Amino acid sequence: MEFRILDVLTREIGNALSINKIAEKVRTLYGSGDYKNIYVAINNMNKDKIVTLEQAGNTSIASINFENYLIIDLLSEMELRKKRDFLKNRQEMQMLMLEFDTYLYNQDLIQSISIINPERNAKLNKAEFLVHLKKSSNRKVVYETKLGIYVMLNHLQMIHTIRIDALVLEDDEVSDLLKSNEANPVREMFYDKIAIFSSQSFWLWIRNEIIKGMKIKTEEHQTHPAKISEEDLVYNLARFGYTEFGPKIKEGRQICMEYTIAAIMFRKDARRIDAIAIMLAKNTKRTNYDLLLFISRKYDFAEKILGILKSLRNLVTHVTTAAEEPIRLLESMNIEEIRADEKNMKDRLKLYRVT
């Protein structure tokens, strides 16, 4: 029972959970969970300083006690158990993980790797990974590490005939996305994941960030760009510097720019496609190109993004350097460019005063 409770609490880091809510979540995830047994287990975990209990009126709120030195080992053990349960009857996935580990053994820059929504994706013959890189000032090493990971995953994808998507992020990027108020993939990934590589490093990083005061925000439900409402899309387009004549802008759900771009791609509206170049040009420093690459590959519009980035590189001086690395990484994944209408893009950029 202890591991089930820890699983629930780790999915909901940053959210206050009552014992009743924990029992409800345990039943949802595992099919059973008697409230009395869970109540007793949580109180025993409190005595052992694994969790802390705080009173909020008549309700007891439980959270993981990261002040306990032994908590990292316990959480790492939980990840190993989840990994074993997931791989137990999946021989092909075991082979994939073995090759994965063999390649990554000498990659010193990798902090941890998590497999995302493992059960659901496995049923769809897919695998999705979050690769967390350590902080480094050596941009060449960071680029070469990313390049090696993408090339290796493309190779494994062909060998095992499985769709593989990976989000490769540096330390500061993971931190920024986890505490962001915007809906983004990292907040959603942390809800359903297994740390399959360096689980101790994963939880040690989380512990250190929480102790430093970071408020982690996880999301149970995944954002699908095709289901972003028109009102939310208009609102977020305006947030990123693209306003339209006609639609009234109402405050809505804050969504990261990379998801906003994906929502435009799903609508296949030529006028809105022009907005992508304008947003990227206006938000060069704000754009997370690693996230854009991941989302564009996952939702099959990487070829169009490559074409847009190449045209922007030619047209907008301050985009040239920022776009260079994502262009090279996309090309390394054998993405074939769908050329953008550069003349029309130039006119639209002028209209929005982007130079």
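To be clear, the structure that these remarks concern was listed above.
In this report, we go over the structure that sits alongside the text. Computed from a predicted model, the values in this text were never measured in an experiment.

**Some thoughts on the packing of aromatic side chains**
Here is step 1: Following the criterion strictly, the structure yields seven aromatic pairs and no others.
Here is step 2: Note on F100 and F129: the rings are 4.7 Å apart at their centroids and 25 degrees apart in plane angle, and the pair reads as stacked. With F100 in helix α5 (residues 91-104) and F129 in strand β5 (residues 126-133), the pair connects residues that are 29 residues apart, well separated along the chain.
Here is step 3: The exposure class of F100 is buried, given its relative accessible area of 1%.
Here is step 4: Overall, F129 belongs to the buried group, its relative accessible area being 1%.
Here is step 5: When the ring of F202 is compared with that of W203, the centres are 5.0 Å apart and the planes differ by 85 degrees; the resulting orientation is edge-to-face. Take F202 and W203: they sit in the same class, and that class is buried.
Here is step 6: In this structure an aromatic cluster arises from ring pairing among F66, F190, F202 and W203.

**Points about the sheet that holds strand β7 (residues 193-197)**
Here is step 1: Sheet architecture is open: four strands sit in the order β6-β5-β4-β7, paired in mixed fashion. Both edges of this open sheet fall to β6 (163-170) and β7, since each of them pairs with a single strand only. Going across the sheet, the axis of each strand differs from the next one's by a mean of 25 degrees, ignoring polarity.
Here is step 2: Of the strand pairs in this sheet, strand β4 (residues 110-116) and β7 are connected by four bridges, and their pairing is antiparallel. For I113, the partnering residue across the bridge sits in β7 and is F197.
Here is step 3: Where helix α10 (residues 199-211) meets the sheet, its contacts fall on β4, β5 and β7, and the angle it forms with β7 comes to roughly 120 degrees.
Here is step 4: Sheet contacts for helix α14 (residues 289-298): β5 and β6; angle to β6, the most-contacted strand, approximately 170 degrees.

**What about the nonpolar core?**
Here is step 1: Core analysis: the largest hydrophobic core is formed by 119 residues, its most contacted members being I22, F129, I206 and L312.
Here is step 2: Ignoring any residue separated from it by four or fewer positions in sequence, one finds I22 in contact with I5, V8, L9, L17, I38, I42 and A62.

What counts, and at which threshold
- One numbering rule holds for all chains: residues counted from 1, following each sequence as written.
- Local features are withheld for residues below a pLDDT of 70 in this predicted model, meaning they are given only at 70 or higher, and side-chain atom pairs are given and counted only at 80 or more; totals for whole chains, interfaces and linings count all residues.
- Water and hydrogen atoms play no part in the side-chain values, which are based on all heavy atoms of the structure.
- Aromatic contacts are taken between Phe, Tyr and Trp rings whose centres are within 6.5 Å, Trp giving its six-membered ring; a plane angle under 30 degrees counts as stacked, one over 60 as edge-to-face, and the others as tilted.
- Numbering of helices and strands runs from the N terminus, with a helix taken as a DSSP run of H or I at least four residues long and a strand as a DSSP run of E at least two residues long.
- Burial classes follow relative accessibility: with a 1.4 Å probe on protein chains only, a residue under 20% of its type's maximum area counts as buried, one over 50% as exposed, and anything between as partly exposed.
- Only when DSSP finds a minimum of two bridges between them are two strands counted as paired.
- Each axis is a line fitted through C-alpha atoms, taken for helices only over the stretch in contact, and angles between the N-to-C directions span 0 to 180 degrees.
- In this description, contact between two residues means that some pair of their heavy atoms is separated by no more than 4.5 Å.
- Take the buried Ala, Val, Leu, Ile, Met, Phe, Trp, Tyr and Cys residues and link them wherever side-chain atoms come within 4.5 Å; each set so joined is a nonpolar core.

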